[in-house]
Amino acid sequence: MSMLNGVHHIAVKPTEEQYQKTVELYTGLLGMEVKMKWGDEARPCLMVSCGDNTCMEILSGESETPAGGPLAHIAFATDKVDEIIAKVREQGYKVTKEPADLELGGKPIRIAFFMGPVNEEIELFWEK
């Protein structure tokens, strides 16, 4: 039985110069609904709906494209954040952010990050 409930979101990190155009593509042209906003004028971030309980996170970027490209991470929806982190650690995967309770756009969440086998960053995301 899967410990995951599906993909919660995929995060992209456009450069500062690409940020507004990226937002306009997804919210204007494609009509994706903004689910939440956070950050400030200098570092704005959005979560937009892709439908069927899946989102795209648009993070404000740096002045240059990150070394890993514009895909920041993939986040899986789960209420078993701590259990999964214990299992991936046991299997030798690198945990890059320990489980933590946070607020995102006024909503309580619990998250953790680890690196996958091809150096992909994976987030475990529980929207409480």
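Criteria and thresholds
Here the residue numbering is sequential within each chain, running from 1 through the sequence in written order. Local features are withheld for residues below a pLDDT of 70 in this predicted model, meaning they are given only at 70 or higher, and side-chain atom pairs are given and counted only at 80 or more; totals for whole chains, interfaces and linings count all residues. Hydrogens and water are ignored here; the side-chain numbers use all heavy atoms of the structure. Here a strand is any run of E in DSSP of at least two residues, a helix any run of H or I of at least four, and the numbering for each starts at the N terminus. The reference for a compact globule is 2.2 Å times residues^0.38; the radius of gyration itself is calculated from the C-alpha atoms. Only protein chains enter the accessibility calculation, which uses a 1.4 Å probe; a residue is then buried when its area is under 20% of its type maximum, exposed when over 50%, and partly exposed in between. Any two residues whose heavy atoms approach within 4.5 Å at even a single point are treated as in contact. Arc definition: it is the arc formed by the directions from the helix axis to the C-beta atoms. Here, strands pair whenever DSSP counts at least two bridges between them. One speaks of a salt bridge when a side-chain nitrogen belonging to Lys or Arg is within 4 Å of a carboxyl oxygen belonging to Asp or Glu.

**Student:** Honestly, the overall build of the chain in this entry has me stumped. Any pointers?
**Tutor:** Regarding its fold elements, the chain presents two helices and eight strands. In sequence order, the chain lays out its α and β elements as β-α-β-β-β-β-α-β-β-β. A compact globule built from 128 residues would reach a C-alpha radius of gyration of about 14 Å, and the chain, at 15 Å, matches this within 12%. Each of the three principal axes of the chain carries a C-alpha extent, and together these read 40 × 30 × 25 Å. Residues counted as buried form 38% of the 128 residues belonging to the chain. Excluding contacts between residues fewer than 6 apart, the proportion of contacts in the chain whose partners are at least 24 apart in sequence is 52%.

**Student:** Hey, could you run me through helix α2 (residues 81–90) in this one?
**Tutor:** Residues lying three or four places apart along an α-helix face the same way, a consequence of the helix completing one turn every 3.6 residues. Residues of α2 that are buried include every one of V81, I84, I85 and V88, and no others. Down the axis of α2, the sector holding all buried residues measures 100 degrees, keeping them to one side. Buried residues along α2 sit against β6 (95–104), β7 (107–115) and β8 (121–127). Phi turns positive, to about 95 degrees, at G92, one or two residues after α2.

**Student:** It is not clear to me how the pairing of β8 should be interpreted in this structure. Could you clarify?
**Tutor:** When a strand is regular, its side chains alternate between the sheet's two faces. The sheet contact formed by strand β5 (residues 71–77) and β8 spans four bridges and is parallel. Paired with A75 across the strands is E123, a residue of β8. The pairing of β7 with β8 spans seven bridges and is antiparallel. By the bridge assignment, F114 is partnered in β8 with I122.

**Student:** I keep staring at the pairing of strand β1 (residues 7–12) and nothing clicks. Help me out?
**Tutor:** With five bridges connecting them, β1 and β5 associate as antiparallel partners. Considered in β5, the bridge of I10 is made with I74. Summarising the sheet, β1 and strand β4 (residues 54–58) pair through four bridges and their orientation is parallel. Within β4, the position partnered with V12 by the bridge is I58.

**Student:** Would you mind showing me how to read the pattern of salt bridges here?
**Tutor:** Pairing between side chains becomes possible if they bear opposite charge and their charged atoms approach one another. Scanning all chains against the criterion turns up seven salt bridges. In this structure, E127 and K107 form a salt bridge, with 3.7 Å as the shortest nitrogen-oxygen distance. With E127 in strand β8 and K107 in strand β7, the pair connects residues that are 20 residues apart, well separated along the chain. Under the relative-accessibility criterion, K107 is labelled partly exposed at 35%. Look at the salt bridges and you will find they share partners, linking D82, D101, R110 and K128 into a network.

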